[in-house]
Protein chains: 2
Amino acid sequence: MVKAHILYVEDDETLSMLTQEHLEQQGYLVTHKIDGKSALETIRNGAAYDLYILDVMLPEIDGFDLATTIRRKDIETPILFLSAKSMKEDRIQGLRIGADDYITKPYSMEELLLKIEVFLRRSKVRQSTAAEVVSIGDIEFEYQNLILHQGGEEVTLTQREADLLMFLWKNRNQVVRRSDILEALWGEDDYFLGRSLDVFISRLRKYCKFDDRLKIENIHGVGFKLKCPE
Amino acid sequence: MVKAHILYVEDDETLSMLTQEHLEQQGYLVTHKIDGKSALETIRNGAAYDLYILDVMLPEIDGFDLATTIRRKDIETPILFLSAKSMKEDRIQGLRIGADDYITKPYSMEELLLKIEVFLRRSKVRQSTAAEVVSIGDIEFEYQNLILHQGGEEVTLTQREADLLMFLWKNRNQVVRRSDILEALWGEDDYFLGRSLDVFISRLRKYCKFDDRLKIENIHGVGFKLKCPE
DNA sequence: TCGCTCGGTTAACAACGAATTAACAATACT
DNA sequence: AGTATTGTTAATTCGTTGTTAACCGAGCGA
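**Student:** Give me the overall build of chain A: which residues, what numbers.
**Tutor:** Counting secondary structure elements, chain A contains eight helices and 12 strands. Residues classed as buried in chain A amount to 49% of the 230 residues present. Pairs at least 24 apart in sequence give 55% of the contacts found in chain A among residues at least 6 apart. Summed over all atoms, the accessible surface of chain A reaches about 11900 Å², with 51% contributed by carbon and sulfur.

The structure is reproduced here in structure tokens:
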């Protein structure tokens, strides 16, 4: 079970690779982006994270701009800033909203892990409540538990299947481009991952057969559309 | 996914040919013009670009004049200037609006490609938002979702059909030249693509039958005009 | 360590569909 | 009338997609 999905934005390649490895060892799912633009892109395309770790010093769009932009859409998810020692505290303070916090570089892994722990525990308390259940036609979909209720029957999905279904559902009755799906769920877009996506679509279609109002349509050369009532 | 369309204005033939090739290899759709006059012409004729790359030193109308003229109609699209090393920064600074930037010659391809990436990604982020719906007579056109609502009926367009319809709509009640359509949507203009265009026009006409105030007129030897109310 | 299971990817091949090309009729210009 | 352009439908082509099965590495228990 994945503990949490972290979006980690850091332009220093060596440092980021190291950190990412470390976090993954701890059981976190880490999506690493080297700049603000690619980070924003994954977010825009519907990827959902439990925590953002943003380096403050980034080329083009810096950590603050990034945070500001994120906050326009998502006021919930905590942000952890990584700032240089010399950074004036007040800029960070000015941006901090609720749970946000920062660590000054250089930091130790322990320090980082500790902050993360604290963060996630805190926001977990805030959310927790009932596992969200969405209705897709006559099918009930528990994303967190990877369960699909089809009348009396219960099907267990894999994480990927659930992610893809959720992504389609969030954009239901709209055209979703292949490349956006791949970017959001796989993090990259190449021929083979594209074929993989087709395989998953094929599987989801089988689940959808339970309610024939549900259809995953293909838009040739463009992407897919989950057609469902409501 | 439609590739990004770049208008590249550069009078040095060797350099421009090289650059164009390179950019096309990267999957961009490049329209190259050797002077300001012809560049302005394609723009006036309704071609829509995602990025302008303008050499500063051009005969007749230079890059700055060109940019100024472009900005009168189009304040959105980013402009990338190519300037000689010796160029005073302040002139460029004075012209830069928002996202614009410049590269000094000589530049490496990597440098150029990087800038382009950054630009395009940025403007992509800026747009996104809700699917825009345009009304063409009694027909509602959701470009992003490739949908045409004709009263209760719903038709799904192909990407090309949608692109063409959008192009005509953006220049509605105006004559659009065949060559400009081809340049803008196909990136090149030859006999066969021209026939292909005719086939698409024919299809769009069928869709337009739903509201008989809509007409796609042919201007013999020149192009088409989408006539619609408003 | 071996072999099993599981999820995801890759392979293979059939089926499909959008865009192009072809063909021919209709129309406009000279 | 004669030629070029356009309208329209049909045939062709070739990349995209659907689907099933094989493959492969990670994790796990014997």
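**Student:** How would you explain the protein's contact with DNA strand C if you had to name every residue and give the values?
**Tutor:** Neighbouring residues of DNA strand C: 22 residues in total, closest Thr158 and Phe192 of chain A together with Thr158, Phe192 and Ser196 of chain B. A breakdown of the atoms of DNA strand C within 4 Å of the protein gives sugar and phosphate a share of 78%. Contacts to DNA strand C include threonine 158 of chain B, whose side-chain N or O atom sits 2.8 Å from a phosphate oxygen. Contact between DNA strand C and serine 196 of chain B: a phosphate oxygen at 2.9 Å from a side-chain N or O atom of the residue. At the level of secondary structure, the elements contributing two or more residues to the surface near DNA strand C comprise helix H8 (191-208) of chain A together with helix H8 (191-208) of chain B.

**Student:** Any details on the protein's contact with DNA strand D? Residues and values, ideally.
**Tutor:** Close to DNA strand D lie 24 residues; Arg178, Arg195 and Arg205 of chain A together with Arg205 and Gly221 of chain B are nearest. Arginine 178 of chain A places a polar side-chain atom, nitrogen or oxygen, 2.9 Å from a phosphate oxygen of DNA strand D. At a separation of 2.6 Å, a phosphate oxygen of DNA strand D approaches a polar side-chain atom of arginine 205 of chain A. For the surface near DNA strand D, the elements supplying multiple residues, two or more each, are H8 of chain A together with H8 of chain B.

**Student:** How would you explain the environment of isoleucine 116 of chain B if you had to name every residue and give the values?
**Tutor:** Residues and elements named next belong to chain B. By the secondary structure assignment, isoleucine 116 is in helix H5 (residues 109-127). The spatial distance from the C-alpha of isoleucine 116 to the C-alpha of isoleucine 6 is 9.5 Å, given a sequence separation of 110 residues. Residues contacting isoleucine 116, with those up to four places away along its chain left out, are Ile6, Leu23, Tyr28, Leu51, Ile53 and Leu80.

**Student:** Go over unusual backbone geometry with me, naming the residues and quoting the values.
**Tutor:** Trans is the prevailing form of peptide bonds, just as negative phi is the prevailing case for residues other than glycine. Residues and elements named next belong to chain A. The phi torsion at leucine 146 lies on the positive side, around 55°, for a residue other than glycine. Mapped onto the elements, leucine 146 comes out in the loop between strand S7 (139-142) and strand S8 (147-150). Residue classification places leucine 146 among the buried positions, given a relative accessible area of 18%.

**Student:** Which residues make up the pattern of salt bridges, and what are the values?
**Tutor:** The final tally for this structure, using the stated rule, is 13 salt bridges over all chains. When salt bridges that share partners are traced, they join Asp138, Asp211 and Arg213 of chain A into one network.

**Student:** Lay out the nonpolar core with the relevant residues and their values.
**Tutor:** Core analysis: the largest hydrophobic core is formed by 54 residues, its most contacted members being Leu54, Phe141, Leu164, Leu168 and Ile181 of chain B. Those residues within four positions of phenylalanine 141 of chain B in sequence are excluded, and the remaining contacts are Glu132, Val133, Val134, Ile136, Ile147, Leu148, Leu157, Ala162, Leu165 and Met166 of chain B. Leu157, Val176, Ile216 and Cys228 of chain A belong to the second-largest nonpolar core, a separate cluster that totals 32 residues.

Criteria and cut-off values
Residues numbered from 1 in each chain as written. Chains lettered and ligands numbered in written order. Predicted model: local features only at pLDDT ≥ 70, side-chain atom pairs only at ≥ 80, totals over all residues. Heavy atoms only, no water. Helix = DSSP H or I, 4+ residues; strand = E, 2+ residues; numbered from the N terminus. Buried < 20%, exposed > 50% of the residue type's maximum accessible area, 1.4 Å probe, protein only. Contact = heavy atoms within 4.5 Å. Areas by Shrake-Rupley, 256 points an atom, 1.4 Å probe, with all protein chains shown as cover. Near = heavy atom within 4 Å. Polar contact = N/O pair within 3.5 Å; in protein donor to acceptor, adjacent residues only side chain to side chain. Salt bridge = Lys/Arg side-chain N within 4 Å of Asp/Glu carboxyl O. Core = buried A, V, L, I, M, F, W, Y, C linked by side-chain atoms within 4.5 Å.

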